[in-house]
Amino acid sequence: MGRKQAIVIGAGVGGLSMGIRLQSLGFDTTIVEALDAPGGRAYVRREQGFTFDMGPTVITVPHFIEELFSLERDRANLTAEDFPSTIVDENKRIKEGVSGGPNTSRYVQIVPILPFYRIYFDDGTFFDYDGDETHTREQILALGEPGDLEGYERFHEQSRAIFARGFLELGYTHFGDVGTMLKVAPDLLKLDAVRNLFRFSSRYFKSDKLRQVFTFEPLLVGGNPLSVPAIYAMIHFVEKTWGIHFAMGGTGALVQGFVKKFEDLGGTIKYNAPVSKINVTRQDGKKVVTGVTLGDDFTMEADVVVSNADWATTYGKLIEPQYRFWNSDLRVKLSQQSMSVFVIYFGFKADGNETEKLRHHTIILGPRYEELLKDIFGRKILPKDFSQYLHLPTLTDPSLAPPGHHAAYTLVPMPNNKSGIDWNEMGDRLRDIVFDFLDERGYLPNLRERLVCHSYITPDYFEGTLDAYAGNAFGLEPLLVQSAFFRPHNRSEDINGLYLVGAGTQPGAGTPSVMMSAKMTARLVAEDYGVEDAIVSGKASPELSPQPA
């Protein structure tokens, strides 16, 4: 008898991770991707010898990547400890050389980045966030107010406790029912992990600069520091424990590594294959998925469908309303989408002085913090000023640009398309403002004269090309009321055989989180389809595989 068939919609990091997981569970898996190449938000743009990662560039928790590259056909390893003690030790964080594991290194080379980020304030001072205990405390003394060092010690211990409970113990918990959430709620309340992150941090720091340093990171996954729950303080310890890393060749090289691993396990990818419909039927009174339709009329049948597409798009556009109750059009309409971004990709001639001010990851904060966040997330207006994340990967990997040149992108947080901003009118204007700022402030002097090529994307790219509802860049906004049980479930509540993976489902957005979501969803699939224990544990005989019903 043949193996059960699975279809994954979308070849983003979440979809590829899911495809690898399904192959290890014994399914025959096809990934269908609307674009002409893999990556989704991690698509790669190439121009005049420059290579630009279009999306995520920050890699944490190399162990998650090593897990995926270690999987074998019919050996899912889903019962192994998620966080073995051998990897949970910040004193063993790799700070130089190759930071990817042995199986990762067969597909892609990953290296550590130090500092994790250089964070500039509007007055030109900066904080090098590198996870080093001594250096961190020295900078707090230099930049902070009286009492901030003692505040940091308390913040540090509270963040450690949130990390231990919220990430190491609960990180892989699928909140599929209210009971699961209620069991952990008292602990999170006790840890003060449900207060918003900015208020939480303000309890420990008097300095506005330090409040910004220790709250900006949720912006990298679409969260508003003024509203995300303080459980996001655990990011501080995630980075301290495992560091920040870079895939040589760019995030696109990691994506290609995942593609090769998936194909090595027997999986198939179809490009230029947009899904127009998830097919559902009624069997014995239950709504059951039967496959997908590509384009106008090409149908692919499957026992399992996993969507790595945007959650709102999955339910709001791909599934007929009569098959949806919990994920209704009204819920989609009322959901709060994450912010979007304006990203400029540019190649330029090096002058040899780039490292005087810049690092691989540079955060440039504007004159306003709280009010800027309110403009972006609340008022949804075009701000009068901006902050940005400048990515200069050629400081680590010169091969991404022609000799004597750099490839860069700068990302400016913006409201999603519920703002009504006309990006056809504003795009060129904002690009010029950003270029002038980088030049005049001395981050990249004489940039205009050194430019070789440039292009940009706006929220319209996310809404149009990536089919993300309202042009969101990170899925649903990570609010308390859109977290845990209240975040879309990895197993569809409406339709048997339908699952979700990626930024829009549990646990949330960000490269490590979408890899976690694939493992969580794989466990649900294994449970629902009665996959042999020997396969789930990774101790299978070659002849074992999930059989059709």
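Analysis parameters
- Residues numbered from 1 in each chain as written.
- Predicted model: local features only at pLDDT ≥ 70, side-chain atom pairs only at ≥ 80, totals over all residues.
- Heavy atoms only, no water.
- Pairing = 2+ DSSP bridges.
- Helix = DSSP H or I, 4+ residues; strand = E, 2+ residues; numbered from the N terminus.
- Salt bridge = Lys/Arg side-chain N within 4 Å of Asp/Glu carboxyl O.
- Buried < 20%, exposed > 50% of the residue type's maximum accessible area, 1.4 Å probe, protein only.
- Phe/Tyr/Trp six-rings, centres within 6.5 Å; stacked < 30°, edge-to-face > 60°.
- Patch = residues over 30% accessible without salt bridge, like charges linked within 9 Å, V, L, I, M, F, W, Y side chains within 5 Å.
- Areas by Shrake-Rupley, 256 points an atom, 1.4 Å probe, with all protein chains shown as cover.
- Axes fitted to C-alpha atoms, helices over the stretch in contact; angles between N-to-C directions.
- Parallel < 35°, antiparallel > 145°, perpendicular 65-115°, else oblique.
- Left-handed = near helix turned anticlockwise from the far one by under 90°.
- Contact = heavy atoms within 4.5 Å.
- Nonpolar A, V, L, I, M, F, W, Y, C, P; charged D, E, K, R; others polar.

Here's the deal with the pairing of strand β3 (residues 44-47)
Then, number 1: Bridge count between β3 and strand β4 (residues 50-53): four bridges; the pairing is antiparallel. Residue pairing across strands places E47 opposite F50, the latter belonging to β4.
Then, number 2: Adjacent in sequence and paired antiparallel, β3 and β4 are bridged by two residues, among which Q48 carries a positive phi angle near 50°.

Let's talk about the pattern of salt bridges
Then, number 1: In the structure shown here, the tally under the stated rule is 39 salt bridges.
Then, number 2: Between R165 and E169 there is a salt bridge whose closest N-O contact spans 2.7 Å. Placement of the pair is R165 and E169 together in helix α4 (residues 148-169), with a separation of four residues, close to one helical turn.
Then, number 3: Its relative accessible area of 18% is what places R165 among the buried residues.
Then, number 4: A salt bridge links R450 to E354; its shortest N-O distance comes to 2.8 Å.

Some remarks on the packing of aromatic side chains
What characterises a pair of aromatic rings is the spacing of the ring centres plus the angle enclosed by the ring planes.
Then, number 1: Across all of its chains, the model carries 43 aromatic pairs by this definition.
Then, number 2: Relative to Y129, the ring of Y117 has its centre 6.2 Å away and its plane inclined at 15°; by these criteria the two rings are stacked. Within this pair, whereas Y117 is found in strand β6 (residues 117-120), its partner Y129 is found in strand β7 (residues 126-129), the two being separated by 12 residues in sequence.
Then, number 3: Judged by its relative accessible area of 1%, Y117 falls in the buried class.
Then, number 4: Between the aromatic rings of Y152 and F155, the centroid separation amounts to 6.5 Å while the plane-to-plane angle is 35°, which identifies the pairing as tilted. On the criterion of helical spacing, the pair formed by Y152 and F155 is a turn pair, its members being three residues apart in helix α4. Here the two residues Y152 and F155 agree in accessibility, since each one is buried.
Then, number 5: By way of ring pairs, the aromatic residues F116, Y117, F127, Y129, Y152, F155, F200, Y204, F205, F214 and F216 are connected into one cluster.

Describing a nonpolar patch on the surface
Then, number 1: A surface patch of nonpolar side chains, about 360 Å² in accessible area, is lined by L189, V194, L480 and V481.
Then, number 2: Topologically, L480 is positioned in the loop between α15 (459-464) and β19 (498-500).
Then, number 3: Taking the relative accessible area as the measure of exposure, L480 reaches 43% and is therefore partly exposed.

A word on the pairing of strand β16 (residues 388-391)
Then, number 1: In β16, alternate side chains face the same way, and those of Q388 and L390 on one face and Y389 and H391 on the other are all buried.
Then, number 2: In this sheet, strand β17 (residues 405-414) lies alongside β16 in antiparallel orientation, the contact comprising three bridges. In the strand pairing of β17, H391 is matched with Y409.

Some words on the packing of helix α1 (residues 13-24) against helix α9 (residues 251-264)
Then, number 1: Contact pair α1 / α9: the axes reach a minimum separation of 9 Å and the direction vectors enclose 25°. Looking at the two axes, α1 sits roughly parallel to α9. Note on packing geometry: the crossing formed by α1 with α9 is left-handed. Facing V13, L16, S17, G19, I20 and Q23 of α1, the residues of α9 in contact are V255, F258, V259, K261 and F262.
Then, number 2: When the residues that make up the contact of α1 with α9 are grouped by side-chain class, the tally is seven nonpolar, three polar and one charged.

Describing unusual backbone geometry
A negative phi holds for most residues other than glycine; trans holds for most peptide bonds.
Then, number 1: With an omega of -10°, the peptide bond running from L114 to P115 counts as cis.
Then, number 2: The topology assignment puts P115 in the loop between β5 (110-113) and β6.
Then, number 3: Note the cis peptide between Q506 and P507, where omega equals 5°.
Then, number 4: With respect to the element layout, P507 can be found in the loop between β19 and α16 (511-528).
Then, number 5: In the Ramachandran plot, D284 falls in the positive-phi region, its phi being about 55° despite a non-glycine side chain.
Then, number 6: The residue N446 is not glycine, and still its phi comes out positive at about 55°.
Then, number 7: By the secondary structure assignment, N446 is in the loop between α13 (423-440) and α14 (447-450).

Focus: the packing of helix α2 (residues 62-70) against α9
Then, number 1: Two numbers describe how α2 lies on α9: the axes approach to 10 Å, and their chain directions differ by 25°. Classified by the angle their axes make, α2 and α9 are roughly parallel. Between α2, through I65, L68, F69 and S70, and α9, the contact on the second element is made entirely by L254, G257, F258 and K261.
Then, number 2: Residue composition of the contact of α2 with α9, by class: five nonpolar, two polar and one charged.

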